[in-house]
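Topology and contacts: notes
The lines below spell out each chain.
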Amino acid sequence: SWKKLMLVPHSRIKIYLSKVFFVLIQVAMALLIFTISALLGGFLVGLVHPSLGFMEHSPDFELIFKIIGGFFVGVLGIVSIQLLFSFLFKNTIVPISIGMFLVVVGIIVSTAGWTYAKYIPYSYAQMFYDDNSQWMNMTMMTDSSNILYLSLFYAVTVLAIGGWVFSRKQIK
């Protein structure tokens, strides 16, 4: 419980950063497991149905790691906002509900092509994978309007706010 955790002789910032680090490791592991599962699934389909031609081509690992890395950076803004929500609300259902609602809103505004969708972190994953979007081009890393930079900006800003909120939070 939080009461027992706050009794440990560590600063609240260290506790907060360890929670952030743990959540980021969980997200990275989920993406890694997803990638490995997708590759193994393609391999198994190639073994079961050789006529589909799955075994005739090798995966482009550089592209796979660029996409997974970009997706990881793209969800950092969402992770930081959800982590802040988890500190602001006692009930765990409220942050989950807000997050699910905002993911649906993000998907809707990004697929609708709304001009300001690039300022909504919950739309970044959809925008990153949208084939018709300019955001998929990984060579645009110098462009200041790139969603990856915006996601990093949101992540750093919201994580700093979350650290401040966590350090001031009173445990009852």
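Note that this is a predicted model, so its numbers are computed, not measured. (Residues numbered from 1 in each chain as written. Predicted model: local features only at pLDDT ≥ 70, side-chain atom pairs only at ≥ 80, totals over all residues. Heavy atoms only, no water.)

1. Focus: the overall build of the protein chain
Scanning the protein chain from terminus to terminus reveals 6 helices and 0 strands. Helices (α) and strands (β) of the protein chain occur, in sequence order from the N terminus, as α-α-α-α-α-α. Burial status across the protein chain gives 32% buried among its 172 residues. Put simply, of all contacts in the protein chain between residues at least 6 apart along the chain, 59% involve residues at least 24 apart. (Helix = DSSP H or I, 4+ residues; strand = E, 2+ residues; numbered from the N terminus. Buried < 20%, exposed > 50% of the residue type's maximum accessible area, 1.4 Å probe, protein only. Contact = heavy atoms within 4.5 Å.)

2. Notes on the nonpolar core
If you look at the biggest cluster of nonpolar residues, it comprises 13 residues, and the most contacted ones within it are Tyr-16, Val-27, Leu-83, Phe-87 and Phe-166. Breaking this core down by element, the ones donating at least two residues are α2 (12-48) and α3 (61-88). If we skip the residues at most four places from it in the chain, Leu-83 touches Tyr-16, Lys-19, Val-20, Val-23 and Leu-159. (Core = buried A, V, L, I, M, F, W, Y, C linked by side-chain atoms within 4.5 Å.)

3. Here we look at the environment of Ser-110
Considering the arrangement of structural elements, one finds Ser-110 in helix α4 (residues 93-111). Relative accessible area serves as the criterion here: at 9%, Ser-110 is assigned to the buried category. For the pair Ser-110 and Ala-125, spaced 15 residues apart in sequence, the C-alpha to C-alpha distance is 9.3 Å. Apart from residues lying up to four places away in sequence, Ser-110 is in contact with Ala-117, Ser-123, Gln-126 and Met-127. Reaching out from Ser-110, the side chain makes a polar contact with the backbone oxygen of Gly-106 at a distance of 3.0 Å. At a separation of 3.1 Å, a polar atom in the side chain of Ser-110 contacts the main-chain carbonyl oxygen of Ile-107. (Polar contact = N/O pair within 3.5 Å; in protein donor to acceptor, adjacent residues only side chain to side chain.)

4. Regarding the packing of aromatic side chains
Scanning the model with the defined rule gives 7 aromatic pairs in all. Aromatic pair Tyr-16 and Phe-87: ring centres 5.6 Å apart, planes at 50 degrees, arrangement tilted. Linking Tyr-16 in helix α2 with Phe-87 in helix α3, this pair joins segments that are 71 residues apart in sequence. Comparing Tyr-16 with Phe-87 shows no difference in burial state: the two are buried. Here the aromatic rings of Tyr-124 and Tyr-154 are separated by 6.4 Å at their centres, their planes lie at 40 degrees, and the arrangement is tilted. (Phe/Tyr/Trp six-rings, centres within 6.5 Å; stacked < 30°, edge-to-face > 60°.)

5. Brief notes about the environment of Ser-167
Summarising the element assignment, Ser-167 is placed in helix α6 (residues 147-168). Judged by its relative accessible area of 25%, Ser-167 is partly exposed. Dropping the residues within four chain positions of it, Ser-167 is found in contact with Arg-12 and Ile-13.

6. Considering the packing of α2 against α3
Relative orientation of the contacting elements α2 and α3 amounts to 145 degrees, with a least axis distance of 10 Å. In this structure, α2 crosses over α3, and the sense of that crossing is right-handed. Residues Tyr-16, Lys-19, Val-20, Val-23, Leu-24, Val-27, Ala-28, Leu-31, Thr-35 and Leu-39 of α2 form the contact with α3, whose participating residues are Phe-61, Ile-64, Ile-68, Phe-71, Phe-72, Val-75, Leu-76, Val-79, Leu-83 and Phe-87. (Axes fitted to C-alpha atoms, helices over the stretch in contact; angles between N-to-C directions. Left-handed = near helix turned anticlockwise from the far one by under 90°.)

7. Concerning the side chain of Ser-151
Summarising the element assignment, Ser-151 is placed in helix α6. Sequence-distant contacts of Ser-151, defined by excluding residues within four places in its chain, comprise Val-73, Gly-74, Val-75, Leu-76, Gly-77 and Tyr-124.

8. Quick notes on the packing of α3 against α4
α4 packs onto α3 with a crossing angle of 150 degrees between their chain directions and a minimal axis gap of 9 Å. In terms of their interaxial angle, α3 and α4 are classed as roughly antiparallel. Crossing hand, α3 versus α4: right-handed. Here Gln-82, Phe-85 and Ser-86 of α3 lie close against α4, whose contacting residues are Pro-95, Ile-96, Ile-98, Gly-99 and Leu-102. Taken together, the residues of the contact of α3 with α4 break down into 5 nonpolar, 3 polar and no charged. (Parallel < 35°, antiparallel > 145°, perpendicular 65-115°, else oblique. Nonpolar A, V, L, I, M, F, W, Y, C, P; charged D, E, K, R; others polar.)

Such coordinate-based values are descriptive only and should not be taken to indicate function.
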